[in-house]
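So the chains spell out like this:
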Amino acid sequence: MAGLSFFLILVASICTTTIASTPPAEMKYLHKCAEAMGTECGKQVYNKIFTSNVTEVTEDCCYKVLQTGYYCHTKMSLFILQTNPRYKNEEWMHYLTNGDEIYQTCDVLTKPEDPRFLGTCVEEIGAKCGKEIYYNIVNDKSMSKECCGKLVKMGQKCHINMAKALIRTPDMRKVDAVKFLERNLKVFFQCKNRQ
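Chemist: Looking at this structure, how should I read the state of the cysteines?
Modeler: Joining two cysteines, a disulfide is a covalent bond between their sulfur atoms. For the coordinates displayed, the defined rule picks out six disulfides. A sulfur-sulfur distance of 2.1 Å marks the disulfide that ties C41 to C61. What sets the handedness of the C41 and C61 disulfide is the S-S torsion sign, and at about -85° it is left-handed. Of the two residues, C41 sits in helix α3 (residues 39-50) while C61 sits in helix α4 (residues 59-68), which places them 20 residues apart along the sequence. The exposure class assigned to C41 is buried, which follows from its relative accessible area of 10%. Once the disulfide-bonded cysteines of the chain are ranked by sequence position, their pairing pattern turns out to be 1-5, 2-3, 4-6, 7-11, 8-9, 10-12.

Chemist: I'm lost on unusual backbone geometry in this one. Help?
Modeler: Most peptide bonds take the trans configuration, and most residues that are not glycine carry a negative phi. For D140, which is not glycine, the phi dihedral falls at a positive 55°. Mapping D140 onto the fold places it in the loop between α7 (115-139) and α8 (145-154). On the basis of relative accessibility, which here comes to 56%, the residue D140 falls in the exposed class.

Chemist: I tried to follow the nonpolar core on my own but got confused; where do I start?
Modeler: Across soluble globular proteins, nonpolar side chains have a tendency to be buried as a group. Counting residues in hydrophobic clusters, the biggest one holds 21 residues, and the most contacted among them are M143, L151, I167 and F180. Of all the elements, helix α10 (residues 177-194) adds the most residues to this core, at six residues. Setting aside residues up to four positions removed in sequence, L151 forms contacts with I125, I133, M143, H159, V187, F188 and C191. Core analysis: the second largest hydrophobic core is formed by 18 residues, C41, Y46, C61 and V65 among them.

Thresholds applied
- Residues numbered from 1 in each chain as written.
- Predicted model: local features only at pLDDT ≥ 70, side-chain atom pairs only at ≥ 80, totals over all residues.
- Heavy atoms only, no water.
- Disulfide = S-S within 2.5 Å.
- Helix = DSSP H or I, 4+ residues; strand = E, 2+ residues; numbered from the N terminus.
- Buried < 20%, exposed > 50% of the residue type's maximum accessible area, 1.4 Å probe, protein only.
- Core = buried A, V, L, I, M, F, W, Y, C linked by side-chain atoms within 4.5 Å.
- Contact = heavy atoms within 4.5 Å.

Right under this line is the structure:
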């Protein structure tokens, strides 16, 4: 069971008593939410919402929270509150507020620079090189000297902030944020060394 996220463990244990009352489509959705969150992040988020444990949600897990999305994040919390007998007679507002605070804190912690700055970065790199850089980060493809030059000229700050903006999107939820950001830096320094 150690390989499953805490949310998955809860879902699995509670499913036996609530399977008849929870529609299969919703169970499938909740399972995907828990899967996207992952083991370690699921534990951190659960502890922060439902226990008095002072564990902080790490920056890495914050990316997972944002990639999973607010609706998914809140739906998992509601599912636990609705199906776990431990919370039957408790006031839920405290837990839901904790969940909102986690989401807001993660949003601030992982937020890239101001959108105008990002807009300048996007214009500077251009669509062609932007795609080439993205494919290099995700698929380890080679990059042209032209795009490497544009990347270095654009600067590390732009490159990091563009990656931060991209990794926060739901379309990137299956991409490991930490590895993506590490690979992002590696690509930048590879290009810098080519110059």
